[in-house]
Amino acid sequence: DAGVIQSPRHEVTEMGQEVTLRCKPISGHDYLFWYRQTMMRGLELLIYFNNNVPIDDSGMPEDRFSAKMPNASFSTLKIQPSEPRDSAVYFCASRLSGLAEQETQYFGPGTRLLVL
Amino acid sequence: GQNIDQPTEMTATEGAIVQINCTYQTSGFNGLFWYQQHAGEAPTFLSYNVLDGLEEKGRFSSFLSRSKGYSYLLLKELQMKDSASYLCAVRPNNQAGTALIFGKGTTLSVSS
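Everything numeric here is computed off the predicted structure, so don't read it as measured data. (Residues numbered from 1 in each chain as written. Chains lettered and ligands numbered in written order. Predicted model: local features only at pLDDT ≥ 70, side-chain atom pairs only at ≥ 80, totals over all residues. Heavy atoms only, no water.)

Asker: Hey, could you run me through the sheet that holds strand β7 (residues 65-71) of chain A in this one?
Answerer: Within a beta sheet, neighbouring strands are joined by backbone hydrogen bonds and run either parallel or antiparallel to one another. Residues and elements named next belong to chain A. Taken in spatial order, the four strands of this open sheet run β1-β3-β8-β7, and their pairing is antiparallel. Both outer strands of the open sheet, β1 (5-7) and β7, are each paired with one neighbouring strand and no more. Between one strand axis and the next, the sheet turns through 15 degrees on average, direction left out of account. Where β7 meets strand β8 (residues 74-79), five bridges bridge the pair, whose relative direction is antiparallel. The residue bridging K68 from the neighbouring strand is T76, located in β8. (Pairing = 2+ DSSP bridges. Helix = DSSP H or I, 4+ residues; strand = E, 2+ residues; numbered from the N terminus. Axes fitted to C-alpha atoms, helices over the stretch in contact; angles between N-to-C directions.)

Here it is in structure tokens:
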């Protein structure tokens, strides 16, 4: 399996621009998670989906952030408008529901976002 | 509230043993995970504990005490490639049920 795929791997943009991050989960996984990682705050959960339905978006910082999962193999995280404080590494992770021990999350390589 | 604490940094030498501690206060508990993250890379799964006691996997072991809200990751026969950040994560038994809360990670530096 190719693992979780994210694109782009790096993104540099200017304040005010729209940013769209993309994720393809591992085939067959029914949970998908979006995280943000910074030195100051560590790894924070933004939102997660189960069977394409958003379950908990309480970690989404504000209305500028939105996430969609139109089908089982694709999700997007959009920031509009972007701000310098959004600069971080954004990870997507997926997992398969089942026995608790098997509910390991598999992370994608991340998107390194820099907003100037 | 939910809180996970672990030391920010640790240093050790090749061949040594190091123990990375993690304490947690969460609304519930339904499993504790350890992840390894090399610089510039994604976190990768190391271990899982849900019952008290020690789980051993080769050079790595993880211990859990639910009554104390405490876990540790033990790394033996350290190698240079073990230099990485180690993340402790808890799955609280809340209504949503399945998301993990991560600590900020412990950066381990292994020197020769």
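Asker: In this structure, what is going on with a nonpolar patch on the surface? I would like to understand it.
Answerer: Residues and elements named next belong to chain A. There is a patch of nonpolar side chains on the surface, built from V12, L114 and L116 and spanning about 290 Å² of accessible area. For V12, the position within the fold is in strand β2 (residues 10-13). Given the relative accessible area of 54%, V12 is considered exposed. (Patch = residues over 30% accessible without salt bridge, like charges linked within 9 Å, V, L, I, M, F, W, Y side chains within 5 Å. Areas by Shrake-Rupley, 256 points an atom, 1.4 Å probe, with all protein chains shown as cover. Salt bridge = Lys/Arg side-chain N within 4 Å of Asp/Glu carboxyl O. Buried < 20%, exposed > 50% of the residue type's maximum accessible area, 1.4 Å probe, protein only.)

Asker: Which parts of the structure should I look at to understand the interface of chain A and chain B?
Answerer: When the parts come together, some accessible area is lost, and that loss is often what is quoted as the size of the interface. Tallying the contact residues gives 22 residues for chain A and 18 residues for chain B. Carbon and sulfur atoms make up 55% of the area that chain A and chain B hide from each other, which totals about 1,600 Å². At the junction of chain A and chain B, the tally comes to zero salt bridges. Taken together, the links from chain A to chain B amount to four residue pairs in polar contact (both at pLDDT 80 or more). Mapped by element, the contributors of at least two residues to the side of chain A that touches chain B are β4 (31-38), β5 (42-50) and β9 (88-95) of chain A. Looking at the side of chain A that touches chain B, its residues break down into twelve nonpolar, five polar and five charged. (Contact = heavy atoms within 4.5 Å. Buried area = accessible area lost by both parts, 1.4 Å probe. Polar contact = N/O pair within 3.5 Å; in protein donor to acceptor, adjacent residues only side chain to side chain. Nonpolar A, V, L, I, M, F, W, Y, C, P; charged D, E, K, R; others polar.)

Asker: So what exactly am I meant to see when it comes to the environment of B:F45 here?
Answerer: Among the secondary structure elements, B:F45 is positioned in strand β5 (residues 44-49). Once the C-alpha coordinates of B:F45 and B:S83 are considered, the two residues, 38 residues apart in sequence, prove to be 16 Å apart. When residues no more than four places from it in sequence are discounted, the contact partners of B:F45 are A:T104, B:F33, B:W34, B:Y35 and B:K57.

Asker: Teacher, can you tell me more about the state of the cysteines here?
Answerer: All names here are of chain A. This structure, assessed with the given rule, holds two disulfides over all chains. Two residues, C23 and C92, share a disulfide whose sulfurs are 1.9 Å apart. Its S-S torsion of about -65 degrees marks the bond between C23 and C92 as left-handed, since a negative value means left-handed. On the criterion of sequence distance, the pair formed by C23 in strand β3 (residues 19-24) and C92 in strand β9 is long-range, its members being 69 residues apart. A residue is classified by how much of its surface remains accessible, and C23, at 1% relative accessible area, is buried. (Disulfide = S-S within 2.5 Å.)

Asker: Mind showing me how you'd approach the pattern of salt bridges here?
Answerer: If charged atoms from side chains of opposite charge come close, those side chains can pair. Residue and element names in this part refer to chain A. With the rule as written, the count across this model stands at eleven salt bridges over all chains. Between E62 and R85 there is a salt bridge, with the nearest N and O atoms lying 3.2 Å from each other. Taken together, the positions of E62 in the loop between β6 (53-56) and β7 and R85 in the loop between β8 and β9 put the pair 23 residues apart, joining distant regions of the chain. Take E62: its relative accessible area is 28%, and that puts it in the partly exposed class.

Asker: Would you mind showing me how to read the confidence of the model for chain B here?
Answerer: Caution applies to low-pLDDT parts of the model: their predicted coordinates are not meant to be read in detail. This prediction gives chain B a mean pLDDT of 92; 96% of its residues lie at or above 70. Element-level mean pLDDT values for chain B span from 92 in strand β10 (residues 101-102) of chain B up to 98 in strand β8 (residues 70-75) of chain B. (pLDDT = per-residue confidence, 0-100.)

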